[in-house]
Every structure is written in structure tokens, then in C-alpha cells.
Amino acid sequence: MTQHSPSSALESATPLRQKLADESAAARKDLKQHEFSRSDYQRLLNLCERTITQLEKHGIDAGAGGRLARHRRVLTDLIASLENPEAEVVRPSDSEVYLTGLELGQLSYVVAGLVQSSGHWNQRVADLVLGDGGLPAGALGDRRFKLQFAAMCRLAGVRADPPAPGARCDAFVESERWRFGVVAHVLNLDADTDAAVQLCSERFRADRAPGLMVLEITNLVWPERKVIRVASDTVAASELQRRADSFLAAHRQRIASGVDPVHAFGLLVVATLPTYNVATRHVAFSTSFRIASLCPEGDPRLDRLAAFARQFQRLGG
């Protein structure tokens, strides 16, 4: 987002100046129509500041060029433009704004769940928040999601440890004295789901570990790429759960047939949607998860998967 300072009368007659003026007018009009309010932006900015403070408390520098610092700049500029409607601001598209809020929510969740004094996950979290490190967007999303799931486990009271050097799983989880591997993967709109499932299964086999496959399906169940208007938070939760259940109904059988059942015993899908509550006029980013078995009836791992699901349910997804 760029702030353009006032210029001379001569400069105002140039095509560039006119282009900037047109963009500024369009941005002001869009801001008035946007379902985010100034208070929504302020809450996101406060969340960003708290997350940066928590990192610094544990000796992790968010970095001037890091992802949290970039989100802070975007939100600060947006709030400034709302306070001064005449400001000449070229703002990001609606979808970019939504994705900024979405990633900020995910990063804050990761930090809250994993960062501790001398914590085993701290370096991985630092690598994530400091920037993309030249990674393509898909690889960066995968890295963020792996940590998000580990944070979900921690916040549900389930032990989650980073993998040992050379391990192929993304984390190892212990539920009621049963330890299993986790492979987490983000499914993009153009993803080859069959290939992703096969890769997950191969990684479980390589570690010779019982495995839970965790898929991030937001891209597949949120084709609108815009805030979804709902009558209440209850309706928002129901809509999110409906979409996640629809994915499972459509893909579970095919996924089960594409994995090695000796190792891959369960599937957990996670989705996050931005919703606008028309009653309270607030925007929220809500996350839901659904768990399904991939092993046959009578398999003793079914009881263990059910126990893990009960623990995980503490998150209220």
C-alpha cells in the first residue's frame, strides 16, 4: 500500500497524477462499501501488536520485513485512510484484505499455541513470521498450516512434538499414551488431491508410523473469495461445518482407497471462512475441523482416533 503526498499544480495535470486520483477515488468508494469497519481493522491491528509483543517476550524478532510487520503496515494505512477520506491511497484488492486478515489470524494462533520459553517449536515459528525465505506461496502456506495444526493440538491439551531430523512426518502427537505421526498439507484450487494423498501415505510409510492425514481445504470450500454474510455466529458455524462435511462426503471414500491403511488411519480436514454478522456488523474468521477414519471396522485404532477426537473437540470446532 502506497501513500502519495500532495504535489504541485503542474504535476496534477500529468496522466500519472490523474491515474492516482482515479485510483484514490475508487479506493474511497470501495472502502465505504466494504463490510469491514474501522473497528474490525483496529481489532486486527491490536491482535497483530499483541502477537509481535508475545514473540519479543520470548526473544523472537518479528523483523521489519516479516509477515507480521507487513500486516501491521497494511492495517495502519487502512485505518489512516478511513480517518482521512481524502488521503490518496492505493489499497489492496478486497481478496487481498481478506487474506491478510486470514493469515494474521493463523499466525497469531500459531504464536499463541507454540511459542514458549526455550520451546521446541520456536525456531520454526520464527522462520515462518520472518518472511517467505524465497518460498513459493504454496510452500509457505504448507509451512504455516503445519504449525497451525501443531498449535491446535497444544491448545486442545494434546502433546505435539516437532519431528526428529530425517523424519518425514510434520509432527508427532501423543494422545492418551498413543503416539502417531501427522502429515499436514494445504489443498489449493488446482491441487491434485490424489497425488497429495499418496504423498502423505508414503511419508507415513517411510517413518513406519501410524498416521493422521490433515488437509487444509479452505481454498476448495470458499470459492467466493469474499466475506460470507450470515444472520448470526451460529449460522456462520453451521455454514462452515456444512462445507467441511460436504468435502468429506465427496472425497472420503476416494481418499481411503488411495492410502496404505496399515499406516494412514485417519483424516482431519480444517477450513477457515471470513463471515460478516449482519446483526452485530462484525467480521470474523471462523475455523472448523472434521475428523474421519480411514481404517476398516473393527480396527483397534478406531477407539484411539475417537479418543483423540474427544480431546480435540475442546477447541470447539
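This section reports on the structure supplied with the text.

**Digging into the overall build of the protein chain**
Piece 1. In terms of regular secondary structure, the protein chain is built from eleven helices and nine strands.
Piece 2. For the protein chain, the residues scored as buried account for 47% of the 317 residues in total.
Piece 3. A fraction of 73% describes how many contacts in the protein chain between residues 6 or more apart in sequence connect residues 24 or more apart.
Piece 4. Only carbon and sulfur atoms are counted for the fraction: they give 51% of the accessible area of the protein chain, which is about 15,400 Å².

**As for the layout of surface pockets**
Piece 1. Considering only enclosed or pocket space, the second largest pocket measures out at about 420 Å³ in volume.
Piece 2. Lining the second largest pocket are 22 residues, and of these Gly 105, Gln 106, Ser 108, Phe 285 and Thr 287 lie nearest its centre.
Piece 3. Only helix 3 (38-57), helix 5 (94-114), helix 7 (137-155) and strand 9 (282-293) provide two or more residues apiece to the lining of the second largest pocket.
Piece 4. Looking at which element gives the most residues to the lining of the second largest pocket, the answer is helix 5, with six residues.
Piece 5. Considered class by class, the residues forming the lining of the second largest pocket number eleven nonpolar, eight polar and three charged.

**Overview of the nonpolar core**
Piece 1. Among the nonpolar cores identified, the biggest contains 88 residues, and Phe 149, Leu 212 and Met 213 are the most heavily contacted of them.
Piece 2. The element that contributes the greatest number of residues to this core is strand 8 (residues 264-277), accounting for nine residues.
Piece 3. Filtering out sequence-adjacent residues up to four positions away, Met 213 remains in contact with Val 183, Val 197, Cys 200, Phe 204, Ile 255, Val 259, Gly 266, Leu 267, Leu 268 and Leu 294.

**Some remarks on the pattern of salt bridges**
Side chains carrying opposite charge are able to pair once their charged atoms draw close together.
Piece 1. Evaluated as defined, the whole model comprises 16 salt bridges.
Piece 2. The partner of Glu 83 in a salt bridge is Arg 38, and the shortest N-O contact between them spans 2.5 Å. Note that Glu 83 is positioned in helix 4 (residues 67-83) and Arg 38 in helix 3, a separation of 45 residues in sequence.
Piece 3. Its relative accessible area of 53% is what places Glu 83 among the exposed residues.
Piece 4. The salt bridge partner of Asp 260 is Arg 205, with a shortest N-O separation of 3.4 Å. Note that Asp 260 is positioned in the loop between helix 10 (233-257) and strand 8 and Arg 205 in helix 8 (residues 193-207), a separation of 55 residues in sequence.

**Comments concerning the pairing of strand 6 (residues 211-216)**
Piece 1. Among the six residues of strand 6, six are classified as buried, and the element is accordingly described as predominantly covered.
Piece 2. Covered by surrounding structure in strand 6 are Gly 211, Met 213 and Leu 215 together with Leu 212, Val 214 and Glu 216, the residues of both alternating faces.
Piece 3. For strand 5 (residues 178-186) and strand 6, the ladder comprises six bridges, and the chain directions are parallel. Note that in strand 6 the partner of His 185 across the bridge is Leu 215.
Piece 4. In this fold, strand 5 hands off to helix 8, which returns the chain to strand 6; that crossover is right-handed.
Piece 5. Where strand 6 lies against strand 8, six bridges are found, and the strand directions are parallel. Each residue of the ladder has a partner; that of Gly 211, found in strand 8, is Ala 264.

**A word on the packing of helix 3 against helix 4**
Packed helices, taken two at a time, are described by the angle their axes make and the gap between the axes.
Piece 1. One can describe the packing of helix 3 onto helix 4 by two numbers: an axis separation of 9 Å at closest approach and a directional angle of 150 degrees. Between helix 3 and helix 4, the angle is such that the two are roughly antiparallel. Where helix 3 crosses over helix 4, the handedness of that crossing is left-handed. Seen from helix 3, the contacting residues are Arg 38, Tyr 41, Gln 42, Leu 44, Leu 45, Cys 48, Glu 49, Thr 51, Ile 52 and Leu 55; seen from helix 4, they are Leu 68, His 71, Arg 72, Leu 75, Thr 76, Leu 78, Ile 79, Leu 82 and Glu 83.
Piece 2. Considered class by class, the residues forming the contact of helix 3 with helix 4 number eleven nonpolar, four polar and four charged.

**Observations regarding the side chain of Arg 301**
Piece 1. Position of Arg 301 among the secondary structure elements: in helix 11 (residues 301-312).
Piece 2. A distance of 2.7 Å separates a polar atom in the side chain of Arg 301 from the backbone oxygen of Pro 261.
Piece 3. Looking at Arg 301, its side chain comes within polar contact range of the main-chain oxygen of Val 262, at 3.0 Å.
Piece 4. For Arg 301, the residues in contact, after removing those within four places along its chain, are Trp 178, Pro 261, Val 262, His 263, Phe 265 and Cys 295.

**Digging into the state of the cysteines**
Piece 1. Enumeration over the complete set of coordinates arrives at zero disulfides.
Piece 2. With no disulfide partner, Cys 200 has as its closest neighbouring cysteine sulfur the one in Cys 169, 9.4 Å distant.
Piece 3. The class for Cys 200 is buried, based on a relative accessible area of 2%.

Cut-offs applied
- Residues numbered from 1 in each chain as written.
- Predicted model: local features only at pLDDT ≥ 70, side-chain atom pairs only at ≥ 80, totals over all residues.
- Heavy atoms only, no water.
- Helix = DSSP H or I, 4+ residues; strand = E, 2+ residues; numbered from the N terminus.
- Buried < 20%, exposed > 50% of the residue type's maximum accessible area, 1.4 Å probe, protein only.
- Contact = heavy atoms within 4.5 Å.
- Areas by Shrake-Rupley, 256 points an atom, 1.4 Å probe, with all protein chains shown as cover.
- 1 Å grid on protein atoms, 1.4 Å probe; cavity = no way out; pocket = protein on both sides within 12 Å on 5 of 7 lines; lining within 4 Å.
- Points joined across faces, edges and corners; volume = space filled by probe spheres on them.
- Nonpolar A, V, L, I, M, F, W, Y, C, P; charged D, E, K, R; others polar.
- Core = buried A, V, L, I, M, F, W, Y, C linked by side-chain atoms within 4.5 Å.
- Salt bridge = Lys/Arg side-chain N within 4 Å of Asp/Glu carboxyl O.
- Pairing = 2+ DSSP bridges.
- Right-handed = clockwise from strand over helix to strand, strands pointing away.
- Axes fitted to C-alpha atoms, helices over the stretch in contact; angles between N-to-C directions.
- Parallel < 35°, antiparallel > 145°, perpendicular 65-115°, else oblique.
- Left-handed = near helix turned anticlockwise from the far one by under 90°.
- Polar contact = N/O pair within 3.5 Å; in protein donor to acceptor, adjacent residues only side chain to side chain.
- Disulfide = S-S within 2.5 Å.

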